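# What the coordinates show
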Amino acid sequence: MLGPVRRVIAVLAIACLPLAALAQSDPYAGMDAELVANAQAGDAYAMLNLGFALVAADRSEATFRAALDLFTKSYSAASDNPDGLDLRLAAYALREMGNAEKALSNFREALAHYQEAERLFRSFDASDEYNRMIAFLMEDRGIVLQDLSRYEEALPPLKVAYDWYNNQDPPQRRNAANVLLNAGTALERLKRYDEALEVYKWSLETFIETDGESSVTVGYLSNNIGWLYVQTKRFSEARTWLESAIRILEPIEGALSYNVTILRINMGLVSVEEGKSEEAIRWGFEAMPYIAQNQQQTLAIQRWNFESLSRAFTMRGQPERAIFFGKLAVNAQQAIRASNAGDTPADTSALQAEWRRLYQNLADLLITQGRISEAQAVLNMEKEEEVYNFLRRDGQADITKTRAVLNSAELSEEEKLAALAALPIAADAELRALTAKLEAGTTTEADEDQMFLLQDALQKGADAFDAAVADFLLQTEEPDRAALKNQFDATGSYQADLAKLTRPSAILQIATLPDAVHLFVTLPNLTFYEKVDISRADMAKLAFDALQAIETQAPDAQEKLQALHAVLFAPIQQKLIDSGTEVVMLNLDGFLRYLPFAALYDGESYLVERFAFSLYAPAVKTDFQTPDRAESKTAGFGVTEGHPGFSPLPGVKQELDTIFGAAEGQGVLAGTTALDAGFDERSLRRSLLKRPAILHIASHFSLVPGAEDDSFLLLGDGAHLPLSKIRSNDALSFKGIDLLTLSACQTARGSDGDGAEIDGFGATAQLNGASAVMASLWPVSDAATPRLMHDFYAGIMLNGLDKAEALRQAQITMLHSADAVAMATNRAAAALDAPMPSSKVGFAHPYFWSAFVLMGNWL
């Protein structure tokens, strides 16, 4: 017989602890001997029924693994036989494979099995049994979609199941109530609390009537209602419902069961919210025995438990323990992300967004303890799914922030060492100065002593980092060590990139957390950190105001940009100047990606007058090298005509004429160009076959974040080249291209304004092979762009500048131009009736010169 529908409702989630392996035992002990023998002989029915028997007797992780093996073998044996009966058996086996994968936190695998099982059942001749199984599978799908944080998607299949149960004669009220129980959890996570409470109470009345007041189902519902009250901050009511659920479920399922473990975690969360830290810790630790024995099965609820424990230890003033449990929470989320990785970022975006707080809260804790490199790595980890095991062990980073350097006479040798290590900028600058004296042959014995001391001071920080990496790697599985060694810490990988560069450069990583902005600066041999107390909301307001002032060409734009500078750059500017930094590589998050850092104003000048800037994304592999450049190995495409939904771009012809035509004594580049009808997909692909070093495209671009098929580049013949096609078609690969310039509308920027999508056309092109990409942050000016582009390419081709410096000098030239603009037509990817900014403002306004940003290899 096939087993009944599973009705366990899990509201919470947990992480992996480094525990010793459990002793192995015979999974078939106590099972029917004939059934075991037939299953071991390869009988498909026997394997399926033995799997049922295992799960019915014990729902531990080890049992689910054994059952999954049996279900998989049963499915293989049945599906290999074309007989119709065996295909029906395969459908049942698929469903049970899905249940087992779900129990082991492999939610995407479970979803795939449920969908295939549904397909098979729908292919059979209709019957009540098969329709019932389809209803079960709809419910299963709704549950597993919730595990993937895809709550809106979970509701339609649950409704299908509910309607089927409710339309039977007589209505299957108990099954319908179970579906509503599951729908309630989705509604609760969507913050539709009133609707969730309504369906919970309807289900509760039904289950009391059908199962009794002390039944398991009433216990599950009591838990869910209690959790809903937690979400709505009604903690007294939450406690009442959760305590009732424990009284019902613990005698039935046992103290060491999955659902009672969830209840203990929920009680811990209530205790944290009520400020009862010791009680919260007790509840959290009472949940640990089941977690320890079922680490994979409990990944989903581990996040909640370890997050609760981290908060409780923070309340008690024990930051080291808070960090430890914060790391376990993040590790659980990383393991879930790794086990359920989708084909595209959109597949896992909901899962990532719901749990982003784990990374940000841990980074805050690490920063408060001065463990800056670790905080930096955690923030990068949230953006890079592949590094999911970083937090297996509590690492160390000893970074001290001393404000003044004491002289040698005031400190002992040990104190001098510590003080110099705490001020790496000063130590490194002094060491370089003394090294120059040594090379000139003018050093004294005292100078040499100071050089040795400085070397020791700088080595102290390097040794601490190396020790942390070595310690971590010892705790890592052998196959993972090589890959993780290169990804372990942001500082190590950053410095490896910086060491390859020919100009003094720094990497500035900025993270906006709820209550502060954190600035991490990495130089080739040292790092430093600053914190600015400003809420994320206030920071977002500053950014929005500055962008609005730029895009509307407002006269107070400089004032708005100075306010941004005070937060984002002023705290580290002097140190960058002292270190001799010329190029600042920006690793940004969220809405910060949309800001023109070159246009930040320090009260005396724009930053472009001091530094060159480029965007640096650790997730995008960048090969920093200077390529060979030839005027003829270039190509340009553009659109001048209007098309449905898009205005004409009259300045594009002038732009291409200004840039190209070097062979005739005009422009800078000597490659071929194509306009309007000559710019179609075929001509673009033909050009890509020749692998031009520079490819310049001037057109509209429409980006719809999360919708690759709806995001596109407008071609000259009016066709739309979708982002999805650029990603997937090798014929549109940008491999071999040193620079792809996109002088179109906000090609580095999505339309939702929060920066989280990073998948604008520019980043896509870089991931698709382009060494570097130059793209725009807002609709650019037809009047200014040709001049800026001409000067930019002249800097590269005629003056031998790297791309970052060529862009900087072109921007400075325009900034100091006295020309006024009679009509500032932009090439916005917008409808024809969309407003376009225009003015008689000079080119000195940041709107005209600071729109373009460089990504990737800036050499």
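The structure displayed is predicted, hence computed values, not measured ones.

## Some points on the overall build of the protein chain
Helix and strand content of the protein chain: 34 helices and 14 strands. Considering the protein chain as a whole, with its 859 residues, one finds that 56% of them fall into the buried category. On the protein chain, roughly 35100 Å² of surface is accessible, and the fraction owed to carbon and sulfur atoms is 51%.

## What to know about the side chain of N182
The topology assignment puts N182 in helix α8 (residues 173-189). Taking relative accessible area as the criterion, N182 reaches 2% and is therefore assigned buried. There is a polar contact of 3.0 Å between the side chain of N182 and the side chain of E139.

## Re the sheet that holds strand β9 (residues 701-702)
Spatially, three strands are ordered β9-β10-β11 in an open sheet, and the strand pairing comes out antiparallel. Each end of this open sheet is capped by a strand with a single partner; those strands are β9 and β11 (720-722). In the sheet, β9 pairs with strand β10 (residues 712-714) via two bridges, with the strands oriented antiparallel. Bridging across to β10, F701 finds its partner in L713.

## Overview of the nonpolar core
Counting 122 residues, the largest nonpolar core has L48, F71, F121, Y165, L228, F306 and F520 as the members making the most contacts within it. Aside from chain neighbours lying at most four places away, what touches F71 is L48, G51, F52, A93, E96, M97 and A100. Counting residues in each nonpolar core, the second largest holds 115 residues, with L501, L739, F852 and L859 among its members.

## Observations regarding the side chain of D602
Examined against the element boundaries, D602 turns out to sit in the loop between β4 (583-588) and β5 (612-615). In this structure D602 comes out as buried when scored by relative accessible area, which is 17%. Looking at D602, its side chain comes within polar contact range of the side chain of Q573, at 3.1 Å. Separated by 2.9 Å, the side chains of D602 and R610 make a polar contact. Not counting residues up to four positions away in its chain, the partners in contact with D602 are Q562, H565, Q573 and R610.

## Considering the packing of aromatic side chains
According to the stated counting rule, one finds 24 aromatic pairs in the structure shown. An angle of 40° between the planes, with centres 5.8 Å apart, marks the rings of F121 and Y130 as tilted. Ring geometry for W164 against Y165: centres 5.8 Å apart, planes inclined by 75°, an arrangement best described as edge-to-face. Each member of the pair, W164 together with Y165, is buried.

## A closer look at the packing of helix α13 (residues 277-286) against helix α15 (residues 299-315)
It is at 9 Å that the axes of α13 and α15 come closest, and there the two elements cross at 150°. Our classification of the angle between α13 and α15 gives roughly antiparallel. Where α13 crosses over α15, the two elements pack in a sense that is left-handed. Where α13 abuts α15, its residues S277, A280, I281, G284 and F285 lie against N305, L309, A312, F313 and M315.

## Some words on helix α28 (residues 651-659)
For α28, the set of buried residues is G651, V652, E655, L656 and I659. Buried positions in α28, seen along its axis, are confined to an arc of 135° and lie on one side of it. On its buried face, α28 is in contact with β6 (634-638), β7 (672-675), β8 (694-698) and α32 (785-797). The positive-phi residue at the C-terminal boundary of α28 is G661, with phi of around 95°.

## Considerations on the pairing of β8
With respect to burial, β8 is a largely interior element, five of its five residues being buried. Residues of β8 alternate between two faces, with I694, H696 and A698 on one and L695 and I697 on the opposite face, all of them buried. Inspection of the sheet shows β6 paired to β8 by five bridges, in the parallel sense. By the bridge assignment, G638 is partnered in β8 with A698.

## Focus: the packing of α8 against helix α9 (residues 193-211)
Viewed as axis vectors pointing N to C, α8 and α9 meet at an angle of 155°, and their least axial separation amounts to 8 Å. With respect to α9, the element α8 is oriented roughly antiparallel. The chirality of how α8 crosses α9 is left-handed. On α9, the residues touching R173, R174, A176, A177, N178, L180, L181, G184, T185, L187 and E188 of α8 are Y193, E195, A196, V199, Y200, W202, S203, T206, F207, E209, T210 and D211.

## Concerning the pattern of salt bridges
Once the charged atoms of two side chains with opposite charge are near each other, the side chains can pair. Across all of its chains, the model carries 41 salt bridges by this definition. Here R503 ties to E582 by a salt bridge, and the two come within 3.0 Å at their closest N and O atoms. Placement of the pair is R503 in the loop between α24 (490-499) and β1 (505-513) and E582 in the loop between α27 (570-578) and β4, with a sequence separation of 79 residues. Overall, E582 belongs to the partly exposed group, its relative accessible area being 33%. Linked by salt bridges that have partners in common, R239, E243, E274, K276 and E279 make up one network.

## Section: the environment of R59
Relative to the elements of secondary structure, R59 occurs in the loop between α2 (44-57) and α3 (61-79). Placed 238 residues apart in sequence, R59 and Q297 show a C-alpha to C-alpha distance of 9.8 Å.

## Regarding α13
Turning to α13, its buried residues are S277, A280, I281, W283 and G284. Along α13, the residues classed as buried sweep out an arc of 165° about the axis, all on the same side.

## Remarks on the confidence of the model for the protein chain
Of the residues in the protein chain, 77% reach a pLDDT of 70 or more, and the chain-wide mean stands at 78. When the criterion is pLDDT under 50, residues 1-24 qualifies, and its contacts beyond four places in sequence or with other chains add up to 91 contacts. Across residues 479-490, confidence stays below pLDDT 50; counting only partners more than four residues off in sequence or on other chains, it has 25 contacts.

## Quick look at the environment of A112
Following the sequence through the fold, A112 ends up in helix α5 (residues 107-123). Judged by its relative accessible area of 39%, A112 is partly exposed. Taking the C-alpha atoms as reference points, A112 and G98, 14 residues apart in sequence, are found 7.6 Å from one another.

## Notes on the environment of E354
If you trace the backbone, E354 turns up in helix α17 (residues 345-354). Put simply, E354 and R189 are 165 residues apart on the chain and 9.8 Å apart in space, counted from C-alpha to C-alpha.

## Remarks on unusual backbone geometry
Cis geometry is adopted by the peptide bond preceding P170, which originates at D169 and carries an omega value of 0°. Tracing the chain through its elements places P170 in the loop between α7 (151-166) and α8. For K191, which is not a glycine, the phi torsion comes out positive at approximately 65°. Mapped onto the secondary structure, K191 falls in the loop between α8 and α9. Since its relative accessible area comes to 60%, K191 is described here as exposed. Here the phi dihedral of K233 falls at roughly 65°; this positive angle occurs in a residue that is not glycine. For K233, the position within the fold is in the loop between α10 (216-231) and α11 (235-253). Overall, the relative accessible area of 54% leaves K233 in the exposed class.

Definitions and limits used
Residues numbered from 1 in each chain as written. Predicted model: local features only at pLDDT ≥ 70, side-chain atom pairs only at ≥ 80, totals over all residues. Heavy atoms only, no water. Helix = DSSP H or I, 4+ residues; strand = E, 2+ residues; numbered from the N terminus. Buried < 20%, exposed > 50% of the residue type's maximum accessible area, 1.4 Å probe, protein only. Areas by Shrake-Rupley, 256 points an atom, 1.4 Å probe, with all protein chains shown as cover. Polar contact = N/O pair within 3.5 Å; in protein donor to acceptor, adjacent residues only side chain to side chain. Pairing = 2+ DSSP bridges. Core = buried A, V, L, I, M, F, W, Y, C linked by side-chain atoms within 4.5 Å. Contact = heavy atoms within 4.5 Å. Phe/Tyr/Trp six-rings, centres within 6.5 Å; stacked < 30°, edge-to-face > 60°. Axes fitted to C-alpha atoms, helices over the stretch in contact; angles between N-to-C directions. Parallel < 35°, antiparallel > 145°, perpendicular 65-115°, else oblique. Left-handed = near helix turned anticlockwise from the far one by under 90°. Arc of directions from axis to C-beta. Salt bridge = Lys/Arg side-chain N within 4 Å of Asp/Glu carboxyl O. pLDDT = per-residue confidence, 0-100.

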